[in-house]
Amino acid sequence: MAYDKFDILTSTAVPLPIENVDTDQIIPARFLKATERVGFGDNLFRDWRYNQDNTLKEDFVLNQDKFSGKILVGGKNFGSGSSREHAAWAVYDYGFRCVVSSFFADIFRGNCLNIGVLPVQVSAEFLQKIFDAVEVDPSTKLEINLPEQKITLLPTGESESFDINDYKKNNMLNGFDDIDYLLNIKKDIETFAENTPL
Amino acid sequence: MSATKTLFDKVWDSHVVHKIQDGPDVLFIDRHMVHEVTSPVAFLGIKNRSIPVMHPEKTFATADHNTPTINQHLPVTDPLSANQLKMLEENANEYGISYWGLGHAKNGIVHVVGPEYGITQPGATIVCGDSHTSTHGAFGAIAFGIGTSEVEMVLATQCIMQPKPKRMRININGKMSKGVTPKDVALFIISQLTTSGATGYFVEYAGEIFRDMSMEGRMTVCNLSIEMGARGGMIAPDEKTFEYVKDREFTPKGADWDKAMAYWETLYTDEDAIFDKELTFDGSLIEPMITYGTNPGMGMGISNDIPMANAVQGGATTYQKSLKYMDFNEGDSMMGKPIDFVFLGSCTNGRIEDFRAFASIVKGRKKADNVTAWLVPGSHKVESAIKEEGILDILTESGFELREPGCSACLAMNDDKVPAGKLAVSTSNRNFEGRQGPGSRTLLASPLVAAAAAVTGKVTDPRELMVELV
């Protein structure tokens, strides 16, 4: 489905300095039973956020009042594991519009782009700078500038550019999705299908 | 420019409908498998747009992820699971998609039944809303997992939009040593590459060790490609592949077979083809593997000690967090650790060959009293073979019970959950925190290692229990 347009996002960030955060942590399998895309944010990082008796784990970052914002900053290899788009839905539904990491798992990255969450890959050094700055001062703001493909730590002005292909960038800026594109070339696809051997 | 191509290039390039400048390729999909968990929102999407399924004959539906593995003839008691299963059936019926639901003779795990009925074919592009779709690469297909938005795209247009991955080849020569199975080969590769070592790549497995493997073994290897971050993995089809595929329900027959074979026989990597990355290992050095941490890259030879934090790739904090969750220490030996559960099954190791291997160890022995064992065939076809080959008798004699097909404790969406704190030896594919139930602790291993643990009640080197071949 079409999604919100993404242009320039300025926000505080929630730091999660752990590597290999897998999709089973982002949304455990037992919460994949919905048949509509609603309510997944409630179970984002469920088993890191809640004890088994459903009380809050006070030390987990989402349960600390000092951290909030629309940007989630995770350690290297964020989103590894399953193809469940529910992980990206949970991130979005919780209120994040951007995930920053030094490395993303492929399918998670693609799923984010398909629902309007911007994955921003930065260098390991810049990632550490963000973690350090947010740790010292949780009110630290980041600016994610999609048109210029630039991420900036606002207090110091330190910035880095990030990659995104022109096609996906245009989709994000305009809130388009792939099906819009594919339906426009339906004739080409039908012709191709007629000539496919299998 | 050289005209030589890799196997991956040949299949990918022949499926590109349209190329976008500085963007993804529009890739035509030959086979689409759907299951109950990742498809409802996709069907809802096309419903909301009022568009039909473009090629219902190219999509196949089966129920597997949240189905119970006992009493499948009774109504599903969990209302949320029951609702997802009902939605799948309704959607399949509404759009004219073949549907092998719970209770159907052809029901089973999507990546087990696809090959069994010949839906999986060499040179095809195959997708499913499940990351272990890479399994089908064993036949020389390009197969990979997709998200629900992409499931919707395939339903609507039979295409997805993907940037072409880079090419990696993993060469392993030599023979598998005693007690070593395809699962160990895969866990070894992942331990060398880490869980992100192949991210951005599509892998071709080449060399003697893979050529010697059965199709079931190749499926196990390709299945685990995603666990090193690769989008998928594939093995060039050969006589073994064609022999497996021939005469299955959905494979071409007669003149169509000859035509298909003419195409399939071109599916190999040309001699001078270039890979973006190439790795080579000596297969004879691989021993039975076991994992000790919370991702599939944290694995080692079963006789080794858990590495020290300063000796591994990645951050020490993350590593120690992982060991703390497992309640293990750096330098621990895994051998002799008491275990509580054994799970034999999943799209990784739920095929007949896996049950044969398990039975070869437990035969003439008894299940340890402290172990709860879940033996779950990947499909009804596997279940039938277990019975026909006399494997069920061996299992029963040793105190094991056979359950009904499904994904089961691999991701614990149904009632097959390992309780918090309990230690399970599992033939599945992920040892993530809580993967097999909240608080569960998982050791990934082969069916042989699982069997050795099941009869001794602790982590045991299966080679100690194997009959010497003279």
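Residues numbered from 1 in each chain as written. Chains lettered and ligands numbered in written order. Predicted model: local features only at pLDDT ≥ 70, side-chain atom pairs only at ≥ 80, totals over all residues.

### Quick notes on the overall build of chain A
Moving on, step 1. When helices and strands are tallied, chain A shows eight helices and seven strands.
Moving on, step 2. Computed over its C-alpha atoms, the radius of gyration of chain A comes to 18 Å, within 12% of the 16 Å expected for a compact globule of 198 residues.
Moving on, step 3. In terms of overall dimensions, chain A has C-alpha extents of about 60 × 45 × 25 Å along its principal axes.
Moving on, step 4. By the burial criterion, 46% of the 198 residues in chain A qualify as buried. (Helix = DSSP H or I, 4+ residues; strand = E, 2+ residues; numbered from the N terminus. Rg over C-alpha atoms; globule rule 2.2 N^0.38 Å. Buried ≥ 20, exposed ≤ 12 C-beta atoms within 10 Å, placed from the backbone.)

### Here we look at helix α11 (residues 316–326) of chain B
Residues and elements named next belong to chain B.
Moving on, step 1. By the burial criterion, the buried members of α11 are Thr-318, Tyr-319, Ser-322 and Met-326. For α11, the arc enclosing every buried residue in end-on projection is 100°, short of the 170-degree limit, so these residues lie on one face. Exposed side chains of α11 directed beyond 90 degrees from the buried face belong to Ala-316 and Lys-324.
Moving on, step 2. Packed against the buried residues of α11 are β18 (441–444).
Moving on, step 3. Immediately beyond the C-terminal end of α11, within one or two residues, lies Asp-327, with a positive phi of roughly 65°. (Arc of directions from axis to C-beta. Contact = placed C-beta atoms within 7 Å.)

### Points about the sheet that holds strand β15 (residues 341–344) of chain B
Residues and elements named next belong to chain B.
Moving on, step 1. The sheet built from four strands is open, its strands ordered β16-β15-β17-β18 with parallel pairing. With one partner strand each, in any of the chains shown, β16 (372–375) and β18 form the two edges of the open sheet. Neighbour-to-neighbour, the strand axes of this sheet turn through a mean angle of 20°, independent of strand direction.
Moving on, step 2. Pairing geometry for β15 and strand β17 (residues 423–426), over three bridges, is parallel. The residue of β17 that forms the bridge with Val-342 is Val-425.
Moving on, step 3. In the packing of helix α16 (residues 447–456) onto the sheet, contacts are made with β15, β16 and β17, and the angle to β15 comes to roughly 150°. (Pairing = 2+ DSSP bridges. Axes fitted to C-alpha atoms, helices over the stretch in contact; angles between N-to-C directions.)

### So, the packing of helix α13 (residues 352–362) of chain B against α16(B)
All names here are of chain B.
Moving on, step 1. Interaxial distance between α13 and α16 falls to 8 Å at its minimum, and their mutual angle equals 35°. The interaxial crossing formed by α13 with α16 has right-handed handedness. Contact residues: Asp-354, Ala-357, Phe-358, Ile-361 and Val-362 in α13; Pro-447, Leu-448, Ala-450, Ala-451, Ala-452, Ala-454 and Val-455 in α16.
Moving on, step 2. Split by residue class, the contact of α13 with α16 holds eleven nonpolar, no polar and one charged. (Left-handed = near helix turned anticlockwise from the far one by under 90°. Nonpolar A, V, L, I, M, F, W, Y, C, P; charged D, E, K, R; others polar.)

### Some details on the interface of chain B and chain A
Moving on, step 1. With 64 residues of chain B at the interface, the matching set in chain A holds 50 residues.
Moving on, step 2. Among the elements of the structure, β1 (16–19), β2 (25–28), α2 (40–49), α3 (79–95), α5 (148–157), β8 (159–162) and α11 of chain B are those that each provide at least two residues to the side of chain B that touches chain A.
Moving on, step 3. The greatest single-element share of the side of chain B that touches chain A, amounting to seven residues, is contributed by α5(B).
Moving on, step 4. Across the side of chain B that touches chain A, the residue classes break down as 25 nonpolar, 29 polar and ten charged.

### Some details on the sheet that holds strand β6 (residues 125–128) of chain B
All names here are of chain B.
Moving on, step 1. Within the open sheet, the five strands sit side by side as β5-β4-β3-β6-β7. Their pairing is parallel. The open sheet is flanked by β5 (98–100) and β7 (142–145), the only strands paired with a single partner. On average, each strand axis in the sheet is tilted by 20° relative to the strand beside it, whichever way the strands run.
Moving on, step 2. The pairing of strand β3 (residues 31–34) with strand β4 (residues 59–62) spans three bridges and is parallel. Counterpart to Val-34 in the pairing with β4 is Ala-61.

### What to know about the pairing of β8(B)
Residues and elements named next belong to chain B.
Moving on, step 1. Here β8 shows a buried face lined by Cys-159 and Met-161 and a second buried face lined by Ile-160 and Gln-162.
Moving on, step 2. In this structure, β2 lies alongside β8, joined through four bridges in antiparallel fashion. In the sheet register, Leu-27 faces β8, and the bridge partner there is Ile-160.

### Some thoughts on unusual backbone geometry
Moving on, step 1. One non-glycine residue with positive phi stands out, namely A:Asn77, at about 65°.
Moving on, step 2. Mapped onto the fold, A:Asn77 is located in the loop between β2 (71–74) and α3 (86–94).

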